[in-house]
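Observations on the model geometry
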Amino acid sequence: RLVRPGAVHVPGWLTLEQQRWIVGRFGEWTQGPVPLRAATLPGGHQMSVRTVCLGWHWQPYRYSRTATDVNGLPVLDFPEWMVRLGKQAVAAAYSPDLGVDESLIGLSRDYAPDAALVNYYGDGAAMGMHQDKDEHSNAPVVSLSIGDTCIFRFGNTESRTKPYTDLELRSGDLFVFGGPSRFAYHGIPKVLPDTAPEGCGLDRGRINITMRVTGLS
Ligand code: MD5
Ligand code: FE
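As a starting point, this report considers the structure included with it. (Residues numbered from 1 in each chain as written. Chains lettered and ligands numbered in written order. Predicted model: local features only at pLDDT ≥ 70, side-chain atom pairs only at ≥ 80, totals over all residues. Heavy atoms only, no water.)

Quick look at the coordination of the iron ion (ligand 2) now. At 2.1 to 2.8 Å from the iron ion (ligand 2) lie its protein donor atoms, namely His130 (NE2), Asp132 (OD), Asp132 (OD) and His186 (NE2). Note that the iron ion (ligand 2) binds 6 donor atoms; their angles at the metal cover 50 to 178 degrees, and the shape is irregular. The sequence pattern formed by the donor residues of the iron ion (ligand 2) is H-x1-D-x53-H. Highlighted residues: histidine 130 in strand β7 (residues 127–130) and histidine 186 in strand β12 (residues 186–191), separated in sequence by 56 residues. Since its relative accessible area comes to 16%, histidine 186 is described here as buried. (Donors = N, O, S within 2.8 Å, 3.2 Å for Na, K, Ca; no water. Tetrahedral: all angles 85-135°; square planar, octahedral: opposite > 155°, others 65-115°. Helix = DSSP H or I, 4+ residues; strand = E, 2+ residues; numbered from the N terminus. Buried < 20%, exposed > 50% of the residue type's maximum accessible area, 1.4 Å probe, protein only.)

The next point concerns the site of ligand 1. Around ligand 1 there are 19 residues in total, and Asn119, Tyr121, Ser181, His186 and Arg206 lie nearest to it. Contact between ligand 1 and asparagine 119: an oxygen atom at 2.9 Å from a side-chain N or O atom of the residue. Between an oxygen atom of ligand 1 and a side-chain N or O atom of tyrosine 121, the distance comes to 2.4 Å. Contributions of two or more residues to the shell around ligand 1 are made by β6 (115–121), β7, β8 (141–147), β9 (150–154), β12 and β13 (206–212). Residue composition of the shell around ligand 1, by class: 8 nonpolar, 7 polar and 4 charged. (Near = heavy atom within 4 Å. Polar contact = N/O pair within 3.5 Å; in protein donor to acceptor, adjacent residues only side chain to side chain. Nonpolar A, V, L, I, M, F, W, Y, C, P; charged D, E, K, R; others polar.)

With the rule as written, the count across this model stands at 8 salt bridges. Arginine 204 is the partner of aspartate 123 in a salt bridge, and the nearest nitrogen-oxygen pair spans 3.2 Å. Highlighted residues: aspartate 123 in the loop between β6 and β7 and arginine 204 in the loop between β12 and β13, separated in sequence by 81 residues. Neither residue differs from the other here; aspartate 123 and arginine 204 are each classed as exposed. Salt bridges sharing partners connect three or more residues here, namely Asp132, Glu135, Arg182 and Arg212. (Salt bridge = Lys/Arg side-chain N within 4 Å of Asp/Glu carboxyl O.)

Attention now moves to unusual backbone geometry. Across the junction of proline 60 and tyrosine 61, the peptide omega takes the value 0 degrees, indicating a cis bond. Note on placement: tyrosine 61 falls in the loop between β4 (57–59) and β5 (62–64). Of the consecutive residues lysine 162 and proline 163, the connecting peptide bond is found in the cis state with omega at 0 degrees. Along the polypeptide, proline 163 turns up in the loop between β9 and β10 (165–169). With a phi angle near 60 degrees, aspartate 194 is a residue other than glycine that sits in the positive phi range. With respect to the element layout, aspartate 194 can be found in the loop between β12 and β13.

What follows concerns the sheet that holds β8. In a beta sheet, neighbouring strands pair by backbone hydrogen bonds and run either parallel or antiparallel. With antiparallel pairing, 7 strands are arranged side by side in an open sheet as β1-β2-β11-β8-β13-β6-β3. Two strands in the sheet have a free side with no partner beyond their single neighbour: β1 (2–4) and β3 (50–54). Ignoring which end each strand starts from, the neighbouring axes of this sheet average 20 degrees apart. Pairing geometry for strand β2 (residues 7–10) and strand β11 (residues 174–177), over 4 bridges, is antiparallel. Looking across to β11, one finds that valine 10 is bridged to leucine 174. The sheet strands contacting helix α2 (residues 80–93) are β2, β3, β6, β8, β11 and β13, and the helix crosses β11 at an angle near 80 degrees. (Pairing = 2+ DSSP bridges. Axes fitted to C-alpha atoms, helices over the stretch in contact; angles between N-to-C directions. Contact = heavy atoms within 4.5 Å.)

In this model α2 runs 20 Å from its N-terminal to its C-terminal C-alpha over 14 residues, within 8% of the 20 Å that 1.5 Å per residue would give. Taken as a whole, α2 has its buried residues at Met82, Val83, Leu85, Gly86, Ala89, Val90 and Ala93. The buried residues of α2 occupy one face: seen down the axis, they fall within an arc of 165 degrees. (Expected span 1.5 Å × (residues − 1). Arc of directions from axis to C-beta.)

Quick look at the structure:
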């Protein structure tokens, strides 16, 4: 499950009970100060994925404390339980028995995410190839998937084109992107409808939570 240096996939890391609980929190976040929204890119295109943020609000291409591109309200705090879950995620992925590089082992102790982008993929939603480089930190990104299975396209750090690797991310899967994989191009070419497991708490679509260290204060 070491997919590449610094990139670790842990299938089925979240239990169904944890998934249901997180879906419950998602329902609350979407009823919070800033609703789920599809960001509009500087070129005028609207994304098909809708996002709600915790800790810091992401807008193309910067972080802010208030959602100046939506309704001007401050975003919800980054929850303490998610800091703990993020540390546990990095510890689970960067474990010596998975063959992870020495330099990444022990990183979980100091890992303190301060922003989460919670993406919702409805019917037909997809995400084009991009790098996550709006953070002023090279700390790992933790990704959690709930609901329908998706195709995740894991590219290279040079360009958004080939070579890339396609893999499936299923409900409950953890992926940690750090070290040499932190700034790889990646995207979600498609979500496979009606593939969510019974009991994950999500009827349709896919949720992805990414925890990040913004490096901002
Ligand atoms: C998703 N989200 O499934 C993906 C999972 C995003 C986003 O891409 O920016 O919201 S996160 C995948 C990721 C993050 C950081 C680095 C790499 C992949 N990578 O090096 O491949 O909604
Ligand atoms: Fe990304």
